[in-house]
Amino acid sequence: MATRYFGVAMKRREDPRFIAGRGTYVDDLTLPGLTYAAMVRSPYAHARIKAIHTDKARQHPGVIAVFTGRDMVESGVKSLPCGWLLPGMKLPPHYPMAVDKVRHVGEIVAVVIAEDRYVAEDAAALVEVEYEPLPAVADAEKALQPGAPAVHDEAPDNVCFRWSIGDAEKTEEAFRRAHRTVRLHLVNQRLIPNAIEPRAAMAQYNPATDEYTLWVTSQNPHVHRLLMAAFVLGIPEHKLRVISPDVGGGFGSKIFVYPEETIVTWAAKRVGRPVKWTARRRESFVSDAHGRDHITEAELAVDERGKILGLRVRTIANLGAYLSTFAPAIPTYLYGTLLSGQYEIPAISCEVTGVFTHTTPVDAYRGAGRPEATYVVERLMDRMARELGEDPAEFRRKNFIPPDKFPYQTPVALQYDSGNYEGALNKALEMINYKELRRQQEELRRQGRYIGIGLSCYIEACGIAPSQVVGSLGAQAGLWESALVRVHPTGKVTVYTGTHAHGQGHETAFAQIVADELGIPIEDVEIVHGDTGSVPFGMGTYGSRSAPVGGSAIVLSLQKIKEKARKIAAHLLEAAEEDVVFEDGKFYVRGVPDRFKTWGEVALQAYLAHNYPPGLEPGLEASSFYDPKNFTFPFGTHIAVVEVDPETGKVKILRYVAVDDAGRIINPLIAEGQVHGGIAQGVGQALLEGAVYDENAQLLSASLLDYALPRADDLPAFEIDHTVTPCPHNPLGVKGIGETGTIAATAAVVNAVMDALAPFGIHHLDMPLTPQKIWKAIQAARAA
Amino acid sequence: MKIPVTVTVNGQVVQREVEPRMLLVHFLREVLGLTGTHVGCDTSQCGACVVLMDGRAVKSCTLFAVQADGAQITTIEGLARDGRLHPLQEGFWEMHGLQCGFCTPGMILAAYDLLQRNPNPTEEEIRHALEGNYCRCTGYHNIVRAVRYAADRLRVQA
């Protein structure tokens, strides 16, 4: 069939509502009798709750109710669940509101429900909590020291889990016979996601039907429903409807089941009126799950030809005070398994210690484990190239997994399906004019200007994931995806997808797939997501899974639809089914294209069923659950060119080139946009962002005044291109592009800055690479 | 205690009584139901709440509704005229200048302010002018292109 939409840079169909201010985000919604919730949060990182006095708040005019953690637990509310279990892992309870102790700043101790949000905030300030402050620890390394304050009685040493992958013995052996080794101590600092739309939840309870409806900022409404209903609140799953309307960015932070949505849902029944809560940004900072926060010792060994022999990694991962929904998976199976990068590494050993601290829980943030792995591998590659005096591009090239070795089994469990790493590298080098750039760098250095060129050759495992595989690794869920395709009697089509879009453009990209497959105008296709009341159970959107898993589910349903439609058409054409061709929205007998039945005629007949194949059911709809055969493995090369001003320490990004291979591209406009945004977040980590806790585990960077997000003038225009190595195991040949930028960019920028600082003998600085940090390092180097 | 305010919003005169502490953004969103103006932070950093007050961009989370008494306010809902998109709205659509759409209304109105002052801005000037508006999705790349698109269109129209 002629492709008309797939691969076309179509303008997005969702945009007209957003550019006109007609989007519908949770906080835009209202209901008759709506009340507002304000959370009372702990100012202490660790304290015993001696008493909570709510009388003044209750008596405040306009206040409807005040509840505490004890109220919730006594009514039978259970702990928030953790959806990924590792062997021997400690799993202390996490109640929506603290009951006896608080364990991080911002933990909820009480909720005030009032007539309006101003009154709710006023009354929240009137709730008096008597705390007995206790010693706290924010740093994971310090939390492991003997005598450190324990976050949970269940884990007196603060160790949640110890996990390893690879072959420690073989790796030891590789290091014993190494020609050269390098070692880096790397801090992958804690990030705070900061989707621009704050989290929000609004719940309603209907006593006549005993049904709840929850509108929530969720990347996966069915996951929210299941976990809240079955684990936390004890509501029959079919009596809770979860709607996630337009969502203003997620980046991982809106995957998880948080205390607030369980509190408003529970409270809506208690007060008999709908309840809404919307986070203030300060609340986002202390309550949205944070990302990263690794301390890593990493070593790389090579032989005398500069071929890699082994990689040894020891990581301490800060999990925060409680286990967020998917927290244990991020620093383990989404991190350790990626440590082979794009390279042939015969022996890898990785040990991870997951640690509780008195900080906000840490979970998936865009890239989730994979940026951390890429950072380790790509920093080591640069460090080793410099050690050997080799060009960093050539050192990488020499160690790439060659294209004829796919599928490639890494020593850390994954089997890469396809790849052409040199293709992407060459393209990126060409785009940046690498040789000439190196020459210019030399020349400018003689003039006292410090230019740096940084490469990042990354691999990503996404499209998560085959259910049996993740099940064997500890996931408490399957990671397939669903799609229901409903053809209406007029031939118009509604597709219900279990994925959720919060900026990714599914309403456009998925419609492109459907319109092509059915040969109908894209205007005849509607994509619906985000409502458990209409969409079949789906796993949602994260891990760049929507196109490869969700898109594939749609294709499966379309195949079933076309199969049935062909039967109907064959009957109408009085022909054998196998002789009927479906092309450009028309069914005809092979060789006789003039005698045809249109898509619309066939759809109508499916519902009339007057002139119909005997034994065939009326109607034309199909649902599918697609379980991927493997992860997908996007890859590419990003190159950053920076200039460091030695007098101020300020870094300016002069150019940024990205060559990504995400397989076939459904909509280049959307795909490029994903890369742009990903790069910005990666650059943000390299240069600007970082959570800062003080010695009492107080979050100092708790507002946008104190936490530096990238602004328009922090970033350059990006130069984007791609190579296409189709995914061999899904029907669309797509791999997912949502996280590539974030995975690649951080290492590219840091490598570039370190390249610029090499003349000073500076080999490594930890992120964020602020002017102050760089200036100090240069001063120290000059003094030495 | 409530105080009467009279504001012209998107060309329509509205009179309401509000608490003096009510923020302009909550007045627009909750009293008038104009939810296109968003709230993204508490500290006037993010710019999601930008509207035009007497033709200039203001952060409506930083003003009380009573401070807008007598003013002309334009929100994103009032930018299209006679069913025709403003060139900035067109530019954001054409250039893929938005993803989740949450920062978009504020971003468009901040850019509107820029183009009034500087009808032909360079890339650097656009980036500088949008410093007060965060976008977490686009990396600003296509936002800059969208503003350039609008600048070109507006100059042709002028």
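In this text, all values refer to a predicted model and were calculated from it rather than measured experimentally. (Residues numbered from 1 in each chain as written. Chains lettered and ligands numbered in written order. Predicted model: local features only at pLDDT ≥ 70, side-chain atom pairs only at ≥ 80, totals over all residues.)

**Topic: the overall build of chain A**
Next, step 1: Helix and strand counts for chain A come out as 20 helices and 28 strands.
Next, step 2: When the backbone C-alpha atoms are referred to their principal axes, chain A occupies close to 90 × 75 × 50 Å.
Next, step 3: The buried share among the 784 residues of chain A stands at 59%.
Next, step 4: Of the contacts made within chain A by residues no fewer than 6 positions apart, 81% connect residues no fewer than 24 positions apart. (Helix = DSSP H or I, 4+ residues; strand = E, 2+ residues; numbered from the N terminus. Buried ≥ 20, exposed ≤ 12 C-beta atoms within 10 Å, placed from the backbone. Contact = placed C-beta atoms within 7 Å.)

**Some words on the interface of chain A and chain B**
Next, step 1: In this assembly, 43 residues from chain A lie in contact with 45 residues from chain B.
Next, step 2: Among the elements of the structure, helix H1 (15-19), helix H9 (281-287) and helix H18 (668-688) of chain A are those that each provide at least two residues to the side of chain A that touches chain B.
Next, step 3: By residue number, the principal contributor to the side of chain A that touches chain B is H18(A), which donates six residues.

**What to know about helix H19 (residues 740-757) of chain A**
For the α-helix, the turn length of 3.6 residues means that residues three or four positions removed from each other point alike.
Next, step 1: Relative to the 26 Å expected for 18 residues at 1.5 Å per residue, H19(A) spans 26 Å between its end C-alpha atoms, a close match to the ideal helical length.
Next, step 2: Burial within H19(A) is extensive, with 18 of its 18 residues counted as buried. (Expected span 1.5 Å × (residues − 1).)

**Observations regarding the sheet that holds strand S20 (residues 493-497) of chain A**
Within a sheet, adjacent strands bond to each other through the backbone by hydrogen bonds, running parallel or antiparallel.
Residue and element names in this part refer to chain A.
Next, step 1: Taken in spatial order, the four strands line up as S21-S20-S19-S25 in an open sheet, and their pairing is mixed. The strands lining the two open edges of the sheet, one partner per strand, are strand S21 (525-528) and strand S25 (621-626). Each adjacent strand pair in this sheet contributes to an overall mean axis angle of 15°, direction not counted.
Next, step 2: Where S20 meets S21, four bridges bridge the pair, whose relative direction is parallel. Paired with Tyr 496 across the two strands is Val 528, which belongs to S21.
Next, step 3: In the packing of helix H15 (residues 506-518) onto the sheet, the strands contacted are S20 and S21, and the crossing angle to S21 comes to about 135°. (Pairing = 2+ DSSP bridges. Axes fitted to C-alpha atoms, helices over the stretch in contact; angles between N-to-C directions.)

**Regarding the packing of helix H11 (residues 392-399) of chain A against helix H12 (residues 421-432) of chain A**
Residue and element names in this part refer to chain A.
Next, step 1: Here H11 crosses H12 at 165°, and the two axes come no closer than 10 Å. Between H11 and H12, the crossing angle belongs to the class labelled roughly antiparallel. Here H11 and H12 pass one another in a crossing that is left-handed. On the side of H11, the interface is formed by Ala 393, Arg 396 and Arg 397, while H12 contributes Glu 422, Leu 425 and Leu 429. (Parallel < 35°, antiparallel > 145°, perpendicular 65-115°, else oblique. Left-handed = near helix turned anticlockwise from the far one by under 90°.)

**Concerning the sheet that holds strand S2 (residues 47-53) of chain A**
Next, step 1: Pairing is antiparallel across the open sheet formed by three strands, whose spatial order is S4-S2-S6 (chain A). In this open sheet, the two edge strands, each paired with only one partner strand, are strand S4 (101-102) and strand S6 (128-133) of chain A.

**Details of the nonpolar core**
Next, step 1: The biggest cluster of nonpolar side chains holds 320 residues, and the ones touching the most others in it are A:Ala37, A:Val111, A:Val112, A:Val514, A:Val749 and A:Val753.
Next, step 2: In this structure, A:Ala37 is in contact with A:Val111, A:Val112, A:Ile113, A:Ala120, A:Ile263, A:Val264, A:Ala267, A:Val275, A:Lys276 and A:Trp277, ignoring residues within four places of it in sequence. (Core = buried A, V, L, I, M, F, W, Y, C linked by C-beta atoms within 7 Å.)

**Considering the pairing of strand S22 (residues 580-583) of chain A**
Next, step 1: Residue alternation in S22(A) divides its side chains into a buried set, A:Val580 and A:Phe582, and an unburied set, A:Val581 and A:Glu583.
Next, step 2: Between S22(A) and strand S23 (residues 586-589) of chain A, which pair antiparallel in sequence order, lie two residues; one of them, A:Asp584, sits at a positive phi of approximately 50°.

**A closer look at the environment of A:Glu115**
All names here are of chain A.
Next, step 1: Mapped onto the elements of the fold, Glu 115 is located in the loop between strand S5 (108-114) and helix H4 (117-124).
Next, step 2: Considering only alpha carbons, one finds Glu 115 and Thr 35, 80 residues apart in sequence, at a separation of 5.0 Å.
Next, step 3: Leaving out residues up to four positions away in the same chain, Glu 115 has contacts with Thr 35, Gly 62 and Ile 64.

**Description of the packing of helix H10 (residues 370-388) of chain A against H19(A)**
Residue and element names in this part refer to chain A.
Next, step 1: Their axes nearest at 8 Å, the elements H10 and H19 cross at an angle of 30°. Relative to H19, H10 is oriented roughly parallel. Crossing hand, H10 versus H19: right-handed. Contact residues: H10 offers Arg 370, Pro 371, Thr 374, Tyr 375, Glu 378, Arg 379 and Asp 382, while H19 offers Thr 742, Ile 743, Ala 744, Thr 746, Ala 747, Val 750, Asn 751 and Met 754.
Next, step 2: Taken together, the residues of the contact of H10 with H19 break down into seven nonpolar, four polar and four charged. (Nonpolar A, V, L, I, M, F, W, Y, C, P; charged D, E, K, R; others polar.)

**A word on the pairing of strand S1 (residues 35-41) of chain A**
All names here are of chain A.
Next, step 1: Among the seven residues of S1, seven are classified as buried, and the element is accordingly described as predominantly covered.
Next, step 2: Taking every second residue as pointing to the same face, both faces of S1 are buried, with Thr 35, Ala 37, Met 39 and Arg 41 on one and Tyr 36, Ala 38 and Val 40 on the other.
Next, step 3: Two strands pair when backbone bridges link them, and S1 and strand S12 (residues 275-278) are joined in this way by two bridges, in the parallel orientation. If you follow Thr 35 over to S12, its bridge partner there is Val 275.
Next, step 4: Sheet topology note: the S1/S5 ladder contains six bridges and is antiparallel. Bridge assignment links Ala 37 to a residue of S5, and that residue is Ile 113.

**Some details on the environment of A:Pro32**
Residues and elements named next belong to chain A.
Next, step 1: Inspection of the secondary structure assignment puts Pro 32 in the loop between H1 and S1.
Next, step 2: In this structure Pro 32 comes out as exposed when scored by C-beta crowding, with 7 C-beta atoms within 10 Å.
Next, step 3: C-alpha of Pro 32 to C-alpha of Pro 274: the two residues are 242 residues apart in sequence and 8.0 Å apart in space.

**Some words on helix H1 (residues 24-31) of chain B**
All names here are of chain B.
Next, step 1: Within H1, six of the eight residues are buried, which leaves the element mostly enclosed by the surrounding structure.
Next, step 2: If you follow the buried residues of H1, they end up packed against strand S2 (12-18) and strand S3 (50-53).
Next, step 3: Positive phi appears at Gly 33, one or two residues downstream of H1, with a value of about 75°.

**Focus: unusual backbone geometry**
All names here are of chain A.
Next, step 1: Cis geometry is adopted by the peptide bond preceding Pro 407, which originates at Phe 406 and carries an omega value of -5°.
Next, step 2: Position of Pro 407 relative to the elements: it lies in the loop between H11 and strand S16 (408-409).
Next, step 3: Here the residue pair Met 767 and Pro 768 is connected by a cis peptide bond, since its omega of -10° sits within 30 degrees of zero.
Next, step 4: Residue position: Pro 768 is located in the loop between H19 and helix H20 (771-783).
Next, step 5: Phi is positive for Asn 433, close to 55°, though the residue is something other than glycine.
Next, step 6: Along the chain, Asn 433 falls in the loop between H12 and helix H13 (434-446).

**Re the confidence of the model for chain B**
The predicted structure's coordinates, where accompanied by low pLDDT, should not be read in detail.
Next, step 1: Overall, the prediction assigns chain B a mean pLDDT of 97, with 100% of residues at 70 or greater.
Next, step 2: Across the interface, the model reports ipTM at 0.98; the global pTM reads 0.97. (pLDDT = per-residue confidence, 0-100.)

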